Amino acid sequence: MLRGLVTCIGIAVILTHLGRLVLVLGYFKTIHNHRPGPCRVVDGIDVGSEDITVSSDGLAFISSGIRGKNYYSDPRLVPPFLEGKISLFDFNHPENNAMELPLKGHFDRENFHPHGISLYEDPKTGERRLFAVNHHRTTDEDRVEIFRFDDKARSLNHLKTVTGKNMYSVNDVVAIGPDAFYFTNDLYFVKNWLRELEGLSLVSWGTVGFYNNGEDRIVASGFRFSNGVNVSPDGRYLYVAQPTAGSIVVLEIKKDNSLEKKQTILVHTGVDNIEVDQQTGDLWLGCHPVLHLLIDHTKNITNPAGSHVLRVHFESKSAPYEKVDIRQVFMDDGNMVSGASSASYYDNKLLVGTVIHKMAYCEIKAF
Ligand SMILES: *[C@@H]1O[C@H](CO)[C@@H](O)[C@H](O)[C@H]1NC(C)=O
């Protein structure tokens, strides 16, 4: 009798979890192509444009050559095919392609494989610093590399490498000062099969950390695969993407840089990186509409995975936001760009970046 009951409950739990996985991984979802205007693939970006961030004057920085913490198993995703680099695309001259930025200074260039990036434009000095999450190849250690952008020479000069005991599975970074940033740890585990198991078990063991001037600490936890992170233009709120929950968590930034959860916004798609329009405060989301296709794509980059871009507009300035307008801007079945991870907006123009594929540019006429 008791054994029968336990067996029944066990089967029910397993079936419920499988049902959730079917929904989370996007089986039964259909992708229809949708463009906001004319779009093209930008030449010169071939092994990803995982994260894109745009300066106030329309310069887009692009990270390529991500070395996922062992979970991208396509055998081609190794050097020299997979070269880590940062490129620049000028939204003011969109007819041009992206150009690779020389990386100068003393740092381990060979083992540089960037993931999330963030640009800090110092309002006092005008200095621009690029922060890049680096999954260092030979040590497997996660680091954040900080560069100074040299406008005239169009190059990045390495300033420092940041590591920390709370930086173990870093996905993205957002700078809030010349030497201060928030970062996400997407999962708890750092090894291949344990990460897959953790991801598929849909537990919420992701965290957000804060680094300031030599010290790092965890400031929020309980995220399901905390991925992209960004901050509102007024610096009051932090946004954290949860792809396997199809949502964005809004947190208030306190005076001591701790965080308080305010709201969860459901977007029903695998949201990866978040860009913030500095003028309007709108969020631009690069998303994976069908996650099981993304998994197939990372195992063999020939397999197409969908790409999805949403724009989130808030009517009010304070969270919890009452009216949230979520619009689809772009959707692709993977034949143009596979596995969209970032969307960057400037002056009615859009770049769509991908984890390990190409990058698209679109004029925005209407959406
Ligand atoms: C990837 O898939 C393509 C098409 O199905 C196949 O031809 C190719 O051999 C695969 N490559 C790898 C590395 O598995």
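Right above here is the structure, for reference.
Residues numbered from 1 in each chain as written. Predicted model: local features only at pLDDT ≥ 70, side-chain atom pairs only at ≥ 80, totals over all residues. Heavy atoms only, no water.

Draft legend 1. Local environment of the pairing of strand E7 (residues 114–121). The buried fraction of E7 is high, at seven of eight residues. In this structure, E7 lies alongside strand E8 (residues 128–135), joined through six bridges in antiparallel fashion. Residue pairing in the sheet places Ser118 in a bridge with Phe131 of E8. Counting the residues in the hairpin turn of E7 and E8 gives six residues, including Gly126, whose phi is positive at 80°. (Buried < 20%, exposed > 50% of the residue type's maximum accessible area, 1.4 Å probe, protein only. Helix = DSSP H or I, 4+ residues; strand = E, 2+ residues; numbered from the N terminus. Pairing = 2+ DSSP bridges.)

Draft legend 2. Representation of helix H1 (residues 2–24). With 23 residues, H1 ought to run about 33 Å at 1.5 Å a step, and its terminal C-alpha atoms sit 33 Å apart, in line with that. Just past H1, the residue Gly26 takes up positive phi, approximately 80°. (Expected span 1.5 Å × (residues − 1).)

Draft legend 3. Structural detail: the state of the cysteines. Summed over the entire model, instances satisfying the criterion amount to one disulfide. Between the sulfur atoms of Cys39 and its disulfide mate Cys362 the distance is 2.1 Å. Between Cys39 and Cys362, the disulfide has an S-S torsion of 110° and is therefore right-handed. Here Cys362 lies in strand E25 (residues 360–363) and Cys39 lies in strand E1 (residues 39–41), a separation of 323 residues in the sequence. According to the relative accessible area criterion, Cys39 is partly exposed, its value standing at 22%. Look at Cys362 and you get buried, because its relative accessible area is 0%. (Disulfide = S-S within 2.5 Å.)

Draft legend 4. Quick peek at the site of the ligand. As a matter of local geometry, the ligand sits amid Pro75, Asn300 and Thr302. Here an oxygen atom of the ligand and a side-chain polar atom of Asn300 are 2.3 Å apart. Here the ligand has 360 Å² of accessible area as a free molecule, and 37% of this is covered by the chains. (Near = heavy atom within 4 Å. Polar contact = N/O pair within 3.5 Å; in protein donor to acceptor, adjacent residues only side chain to side chain. Areas by Shrake-Rupley, 256 points an atom, 1.4 Å probe, with all protein chains shown as cover.)

Just geometry here; none of it tells us what the structure is for.
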